[in-house]
Protein chains: 2
Amino acid sequence: MFIEIDMQSEIPLYTQLADQLIEGIASGQLKPGDPLPSVRSLGADLGINLHTVNKAYQTLKQEGFLDIHRKQGVIVRSGGMPPITDEFLRRMGRQVKSLAAEAAIRGMNEEDFVRKCTETYRSTINFSGGDGS
Amino acid sequence: MFIEIDMQSEIPLYTQLADQLIEGIASGQLKPGDPLPSVRSLGADLGINLHTVNKAYQTLKQEGFLDIHRKQGVIVRSGGMPPITDEFLRRMGRQVKSLAAEAAIRGMNEEDFVRKCTETYRSTINFSGGDGS
DNA sequence: TTTCTGTTATACTTTATATATAACAGATGA
DNA sequence: TCATCTGTTATATATAAAGTATAACAGAAA
């Protein structure tokens, strides 16, 4: 796996894990139907508890990014990803607003702010593992 | 004050307060040199403890957005706001990356994502209280 | 039957968040 | 001088979040 956990970070471990799984899906490193490691093996790999892994899995299952079957285990959802919701737009708006305010105070103008957001979006969805087939 | 605290939110109270003060500075509702309410009066106004207010004030003082003098009390920093730092760029990059990944998965393309960021930046720094003088 | 799976349950520790109360020293205004 | 307000510090408490540890269960697979 490509997951890297920073034990010194102030960001909760299960949040770091869930974020990186989301980013893996967005970048194409994880494709619909792809199996994920078991909570025990991934926990052992990352050096964290299986319940911490399970909390990340459950969160992403609840939000519709993962499916968990008795047979196949944990897989990336293959029946279509969740759409844009009002809840997501509100959450994105709140976080971007907070960042934009601090950026503006620090002297970052609209052009630079938007450029940074654009570049970040592109670097997030474009991963070298993708092929043009 | 224009501060509104949501007691039901999962976001810590001192974070809500600090965020809204930052947004007040960015929008021009709070200008350099402007005095802020005392920790006791603002706490009473918002219905929260003075230590919670103090934690928000201390955080913003530490980051360079506020000054606290024995005489003038708490005021918006008038000697120049903190610049763009590597730490800020990293933090912004991390948060935008997380949002961009989820947005892309949910079907929001680059154009819509960037538009939302642009509109949010503009609505953050443009406040009706500003005049063109 | 053994092994692996997700899941649930219980218990525990540590940290973060928030409040309550009190006290102190500097500054202010009557 | 005296009362009041300021930020600040200290102590204590309560609650929740985060993370770990251990165990057990039932379904599936070899």
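Criteria and thresholds
- Residues numbered from 1 in each chain as written.
- Chains lettered and ligands numbered in written order.
- Predicted model: local features only at pLDDT ≥ 70, side-chain atom pairs only at ≥ 80, totals over all residues.
- Heavy atoms only, no water.
- Helix = DSSP H or I, 4+ residues; strand = E, 2+ residues; numbered from the N terminus.
- Buried < 20%, exposed > 50% of the residue type's maximum accessible area, 1.4 Å probe, protein only.
- Pairing = 2+ DSSP bridges.
- pLDDT = per-residue confidence, 0-100.
- Contact = heavy atoms within 4.5 Å.
- UniProt positions renumbered as here; feature names shortened; annotations may be inferred.
- Least-squares fit on C-alpha atoms with pLDDT ≥ 70 in both.
- Near = heavy atom within 4 Å.
- Polar contact = N/O pair within 3.5 Å; in protein donor to acceptor, adjacent residues only side chain to side chain.
- Nonpolar A, V, L, I, M, F, W, Y, C, P; charged D, E, K, R; others polar.

Enquirer: Looking at this model, I keep getting lost on the environment of Gly80 of chain A. Mind explaining?
Expert: Relative to the elements of secondary structure, Gly80 of chain A occurs in the loop between β2 (73-76) and α4 (86-105). Overall, Gly80 of chain A belongs to the partly exposed group, its relative accessible area being 42%.

Enquirer: Help me out: how do you make sense of the pairing of β2 of chain A in this one?
Expert: Each regular strand displays side chains that alternate between the two surfaces of the sheet. Residue and element names in this part refer to chain A. In terms of strand pairing, strand β1 (residues 66-69) meets β2 through four bridges, oriented antiparallel. Within β2, the position partnered with Asp67 by the bridge is Ile75. Linking β1 back to β2 in an antiparallel pair, the connection comprises three residues.

Enquirer: Would you mind going over the confidence of the model for chain A with me for this structure?
Expert: As a general rule, the predicted coordinates of low-pLDDT regions are not to be interpreted in detail. Averaged over every residue, the pLDDT of chain A is 94; the share at 70 or more is 95%. Predicted confidence for residues 129-133 of chain A stays below pLDDT 50, and this span has zero contacts to residues more than four positions away or in other chains.

Enquirer: Explain the UniProt feature "domain: HTH gntR-type" (unreviewed entry) in chain A here, please?
Expert: The positions UniProt marks with the feature "domain: HTH gntR-type" (unreviewed entry) are residues 11-79 of chain A. For residues 11-79 of chain A, helix accounts for 54% and strand for 12%, while the C-alpha atoms at its two ends are 31 Å apart.

Enquirer: Can you help me understand the environment of Ile48 of chain B in this one?
Expert: All names here are of chain B. Residue placement: Ile48 occurs in the loop between α2 (39-46) and α3 (50-62). Spatially, the C-alpha atom of Ile48 lies 9.6 Å from that of Tyr14, the residues being 34 residues apart in sequence. Beyond its immediate chain neighbours, meaning those up to four positions away, Ile48 contacts Met7, Leu13, Gly43 and Val53.

Enquirer: What exactly am I supposed to notice about the relation of the copies chain A and chain B here?
Expert: With an axial shift of 0.0 Å and an RMSD of 0.0 Å, the rotation relating chain A to chain B amounts to 180 degrees. The superposition of one copy onto the other is thereby described by a two-fold rotation axis. A symmetric contact is evident, with 100% of the interface residues of chain A recurring at the interface of chain B.

Enquirer: I'm lost on the protein's contact with DNA strand C in this one. Help?
Expert: With respect to spatial proximity, 20 residues lie near DNA strand C, and among them His51 and Gln58 of chain A together with Leu13, His51 and Thr52 of chain B are the closest. Backbone atoms, meaning sugar and phosphate, make up 68% of the atoms of DNA strand C lying within 4 Å of the protein. For DNA strand C, a phosphate oxygen lies 3.2 Å from a polar atom in the backbone of Val39 of chain A. Backbone polar atom of Asn49 of chain B to a phosphate oxygen of DNA strand C: 3.0 Å apart, as the coordinates give it. Residue assignment for the surface near DNA strand C shows that the elements contributing at least two residues are α2 (39-46) and α3 (50-63) of chain A together with α1 (13-27) and α3 of chain B. Here the residues of the surface near DNA strand C sort into seven nonpolar, seven polar and six charged.

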